[in-house]
Each structure stands twice: as structure tokens, then as C-alpha cells.
Amino acid sequence: YYLRKPQGASFSIERVFNDVRNALPQEIHIKVAVSRFQSKGLCARIYNIIEAIFRQEDVNHITGDVHFLAFLLRGKRTVLTIHDLVSIHRLKGFQRLLSIFFWYWLPIKRVRIVTVISEFTKKDLLRHINIHPNKIRVIYDPVSPVFQPVLKEFNQHKPVILQFNTGKHKNLERVAEALKSISCHLRIIGKLDNEQQLALQKSEIDYSVVSSITDDEVLDEYRCCDLLVLASTFEGFGLPIVEAQATGRPVVTSNLCSMPEVAGHAACLVDP
């Protein structure tokens, strides 16, 4: 299993594939290869590509966010998981073309199988990349067995609303605007930038922030909240949706991308 070097407060890929590995039969011999450097800059990425060559096994699975590792691996023995196409939607012009070629088209051409985490991501991939549909497998993200129902009386006077991550597509500024004048406590997992702090102050919201928390602390956040909000503008899956549902917490999420597919009929869908 090839994993990126973690950065910031984002560990969803690592959590997903830790659960996958724990569920594999015992007779399968597993190795985990974490890239030496974060995926930033040309020199660091070239080093990671070369390093990956010497770590190959019978099956090589690139778990996401380091697609370029496929460039020099044995293609017929390599699987690539693509979680989303957020970079294509975010970039414009020449940068967008570079992203399509080096981050998606070339790695996809090099590997034997591509797995994606939702039907939405498959359709998005086929819309932007010339690839035969039979090469793509939809395999949804698993929910860790540690997420079990925990009863909690809903705080009707001042509910704790949980918001995971603070990337631009997580839409925190609009969430703050929507919660203005509502008695609640917004619990944010991640680091705030200046714009987000100003938006929260402007909306006069009672909030708290925590980052770099452990898996046990993540579980406690779900147990202690009254509901989850994931009003993102883009998601390839939306793991907090199913984690909150498995814990027994109501979910408010967006009515676009993969989120209605993942939430099913068990969430309040909103226009983000």
C-alpha cells in the first residue's frame, strides 16, 4: 500500500485504508510504504517516484493523493484509487491541463485498474478523462467498526454542530452565515484562516476549534455532538456523513456531487 506523507489535519485516506488492511485475510502479506516527502514541488515528487520503484510487491496499490507514483511502477500489477477530481475543478488554464495530464491521464494509463469511491467520482472521471469504463471499479469507503450507535439526548436549546475540516470546498464561511442568529455551538475540526475567523466573528457564532486530533478523539467528537454539518461544495465521497450516521447523529449535507448518493435518504440535503 502506497500512502502519501500526511499533511495538515487531513487523515481520511489513512483511516480508510487502515480499516481495509484490518479486514484483509491473514494469509495476505501486507506492507505499507509512506512517501518520504509531502507531495509538494518537483524534486520531492521525483524522489517519491524513484523510492516507490524499490518498494514494489506482487500487487501495488496507490491509495490516493500520490497518483504520480504510478509513472515507473509495474503497470500490470498496480491499482490506483482516485478519491475525487477536485484539482481539475479548482484550477484553470495551463495549470488545469497539467493537472489532467500528470495527475490523472498518465497515471491512469499506467495502471491496470482504477478504483473510485462513488458513482459520482466515476462519472466525473469519465467526463474529463478518456478512459474505458471497464477499467474503473466503484468501491465505497468503509465505515470503521469503532463507529457504533451512542445514545444522546438532543440539546434543543443549544445543539453542538460538528464541522469536519476547513478547506475552501468545506464551505465554512457560508455555514457561519447560515447559522447566524441560531442558538448553537459550532465545533470545528481543522485550522482556521483569517477569512474564516472573520466570517465566524461577523456571524457572532459561539464556536470552538481543535486540530491534529487522534482517532479516539475523532470518535469522541461524533459522540459529543448533536448533529453533523457537511455543506461542502465538492466531495468525492464524504466520509463524515456515514461516520456520523453510524454513531447515530443526524446529518445536514449538500444536495450535489456524491453527497446525496452517500447519505441516501438519511440526511437533510441543502443547497450549499
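No experiment lies behind these values; they were computed from the predicted model shown.

A contiguous patch of positive charge, built from Arg-74, Lys-76, Arg-77 and Arg-112, is present on the exposed surface. Within the secondary structure, Lys-76 is located in the loop between β3 (60-62) and β4 (78-82). The exposed category is assigned to Lys-76, whose relative accessible area is 71%.

What follows covers unusual backbone geometry. Trans is the common state for peptide bonds, and a negative phi is the common state for residues other than glycine. For Asp-65, which is not glycine, the phi dihedral falls at a positive 75°. Its location among the elements puts Asp-65 in the loop between β3 and β4. By relative accessible area, which is 29% here, Asp-65 ends up partly exposed. Backbone geometry at Asn-165 places phi at a positive 70°, although glycine is not the residue there. If you trace the backbone, Asn-165 turns up in the loop between β7 (160-164) and α6 (172-178).

With respect to the element layout, Lys-180 can be found in the loop between α6 and β8 (185-189). A C-alpha to C-alpha distance of 35 Å links Lys-180 and Asp-65, two positions 115 residues apart in sequence. Each residue touching Lys-180, except ones within four places of it in the same chain, is listed here: Lys-202 and Ser-203.

Counting buried positions along β8 yields four of five residues, so the element is predominantly enclosed. Sheet topology places β7 next to β8; five bridges connect them, and they run parallel. By the bridge assignment for β8, Gln-163 is matched with Ile-188. Taken together, β7, α6 and β8 form a β-α-β motif whose crossover is right-handed. This β-α-β element, β8 to helix α7 (residues 194-202) to strand β9 (residues 206-210), shows right-handed connectivity.

By size, the foremost hydrophobic cluster in this structure holds 26 residues, and its most contacted members are Leu-162, Phe-164, Tyr-222, Leu-228, Phe-237 and Ile-241. Where this core is concerned, the elements lending two or more residues are α1 (12-23), β7, α8 (215-224), β10 (227-230), α9 (239-247) and α10 (259-263). With four residues, α9 is the single largest residue contributor to this core. The residues touching Tyr-222, leaving out its near neighbours within four places in the chain, are Phe-147, Leu-162, Phe-164, Leu-228, Pro-240, Glu-243, Ala-244, Thr-247 and Arg-249. Counting 25 residues, the second largest nonpolar core, distinct from the first, contains Val-66, Phe-68, Val-114 and Leu-125.

The rules behind the values
Residues numbered from 1 in each chain as written. Predicted model: local features only at pLDDT ≥ 70, side-chain atom pairs only at ≥ 80, totals over all residues. Heavy atoms only, no water. Patch = residues over 30% accessible without salt bridge, like charges linked within 9 Å, V, L, I, M, F, W, Y side chains within 5 Å. Areas by Shrake-Rupley, 256 points an atom, 1.4 Å probe, with all protein chains shown as cover. Salt bridge = Lys/Arg side-chain N within 4 Å of Asp/Glu carboxyl O. Lys, Arg positive; Asp, Glu negative; His and termini not counted. Charge placed at Lys NZ, Arg CZ, Asp CG, Glu CD. Helix = DSSP H or I, 4+ residues; strand = E, 2+ residues; numbered from the N terminus. Buried < 20%, exposed > 50% of the residue type's maximum accessible area, 1.4 Å probe, protein only. Contact = heavy atoms within 4.5 Å. Pairing = 2+ DSSP bridges. Right-handed = clockwise from strand over helix to strand, strands pointing away. Core = buried A, V, L, I, M, F, W, Y, C linked by side-chain atoms within 4.5 Å.

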